[in-house]
Amino acid sequence: MEDCLAKKMEITVSEAEKRTGRNAMNMQETYTAYLIETRAVESQSEGQCAPVDSLWRRYSEFELLRNYLLVTYPHIVVPPLPEKRADFVWHKLSADNMDPDFVERRRIGLENFLLRVASHPVLCQDKIFYSFLTQEGGWKEMVNETGFQLKADSRLKALNATFRVKNPDKRFTELKHYSDELQSVISHLLRVRARVADRLYGVYKVHGNYGRVFSEWSAIEKEMGDGLQSAGHHMDVYAASIDDILEEEEHYADQLKEYLFYAEALRAVCRKHELMQYDLEMAAQDLTSKKQQCEELATGTVRTFSLKGMTSKLFGQETPEQREAKIKVLEEQIQEGEEQLKSKNLEGRDFVKSAWADIERFKEQKNHDLKEALISYAVMQISMCKKGIQVWTNAKECFSKM
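Reading the values: the criteria
Residues numbered from 1 in each chain as written. Predicted model: local features only at pLDDT ≥ 70, side-chain atom pairs only at ≥ 80, totals over all residues. Heavy atoms only, no water. Core = buried A, V, L, I, M, F, W, Y, C linked by side-chain atoms within 4.5 Å. Buried < 20%, exposed > 50% of the residue type's maximum accessible area, 1.4 Å probe, protein only. Helix = DSSP H or I, 4+ residues; strand = E, 2+ residues; numbered from the N terminus. Contact = heavy atoms within 4.5 Å. Salt bridge = Lys/Arg side-chain N within 4 Å of Asp/Glu carboxyl O. Phe/Tyr/Trp six-rings, centres within 6.5 Å; stacked < 30°, edge-to-face > 60°. Lys NZ or Arg CZ within 6 Å of the ring centre and 35° of its normal.

(A) Representation of the nonpolar core within the structure. One finds Leu114 and Leu133 to be the most contacted residues of the largest nonpolar core, which totals 33 residues. Counting only elements with at least two residues in this core, the list comes to strand S1 (9–22), strand S2 (28–40), helix H3 (59–72), helix H4 (100–119), helix H5 (127–134) and helix H6 (139–145). Ignoring anything within four residues of it in the chain, the contact list for Leu114 reads Ile11, Val13, Ile36, Phe62, Phe129, Phe132 and Leu133. Listed in part, the 23 residues of the second largest apolar core include Phe172, Ile186, Leu190 and Ala253.

(B) Highlighting the pattern of salt bridges. Here the structure, examined in full by the defined rule, presents 24 salt bridges. Residues Asp369 and Arg116 are paired through a salt bridge, measuring 2.6 Å at the closest nitrogen-oxygen approach. Here Arg116 lies in helix H4 and Asp369 lies in helix H13 (residues 320–400), a separation of 253 residues in the sequence. The pair formed by Asp369 and Arg116 is uniform in burial state, with each residue classed as buried. Among the ionic pairs, Glu249 bridges to Arg193, the shortest N-O distance being 2.8 Å.

(C) Main features of the packing of aromatic side chains. Tallying each qualifying case throughout the model produces 13 aromatic pairs. On the numbers, 5.6 Å between centres and 70° between planes, the contact of Phe214 with Phe399 is edge-to-face. Here Phe214, found in helix H9 (residues 170–218), pairs with Phe399, found in helix H13; they are 185 residues apart in sequence, far enough to count as distant. Residue classification places Phe214 among the buried positions, given a relative accessible area of 11%. Taken together, Phe62, Phe113, Phe132 and Trp139 form an aromatic cluster joined through their ring pairs. Between Arg19 and the ring centre of Trp56, over which it is positioned, the NZ or CZ distance is 4.5 Å. A cation over an aromatic ring shows up here: Arg57 above the ring of Phe132, its NZ or CZ 4.8 Å from the ring centre.

Below you can see the structure in the form of structure tokens.
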């Protein structure tokens, strides 16, 4: 971790800007660009003020970077991006992806994504990632030149492997089930939180009616008027405070959403392992088949029914020379198959070792982050309740003075 990029460079997404331009279809579109600022840490420790480098990136470029990382490092739980469009929001919050509040939260999420990658012991060393932070022009071309799209596994192939793999690794099967359950639990938690936020908003705003009623009442009371007017003022302040409270609460919801999306990153690692296991099993099956064919040709006996066996019975046996030539070809294929199987076994073991090490790292990070987020959320709720008690305590004092 001492060598990670986050220790050597300050990375911030400091600004978001709405822009208009032409897309690939030459149609006008409106999008948001984000300003990434970086500054070397080393020169600051020497008492010098390092210059700030800055460049603009679109959300789609962040997506391209993450897709590249997913394909290039399939054994790593790649940090997720913040949502492209708002989800699990309470009804008063805009779901428009151009809404200033949503753009601001997404800016924070994009900065968090970059810091996650820069802090990762493997991802932080990637040259494409470093270029993303420091090289504005020609970056997309640099990514495409890596040919990562050609290495990407198709969803159909992944689905096929899921259903046809015969000996799945129990640890990865359990991890996939865990990721499904984690996603389900956090989704439910976010839906509950959105409903609670709606109700809280209603309760707080209704307190504004107290303020209006007390104000109207104070107009017809001489001795009680001042107390009623003061109590009404406290109620108005209380009613107005909910907007800031729920906006702050939305940041805690975004922290939970990050792990909602992390669940898919876990499943991506599991899918890659299934694909590798499926390829290994297919290679082993093919090798066994070729060995059997070779044995049948050498002994002249056919153990299983085959079209080739029926053909030889109908049209006569092969000559010894033909049989020898086929045996030689099969022996070469068997040797290649054994080497390929050995290579796939080594690749699979290396993948499991690297993937499990990163999964353990992720679990530690998850436990720490979710614990901190939930404690902060609880502290915020306690603070909010204390403010409510204070408002009614102030109102009580106003009533007592009447």
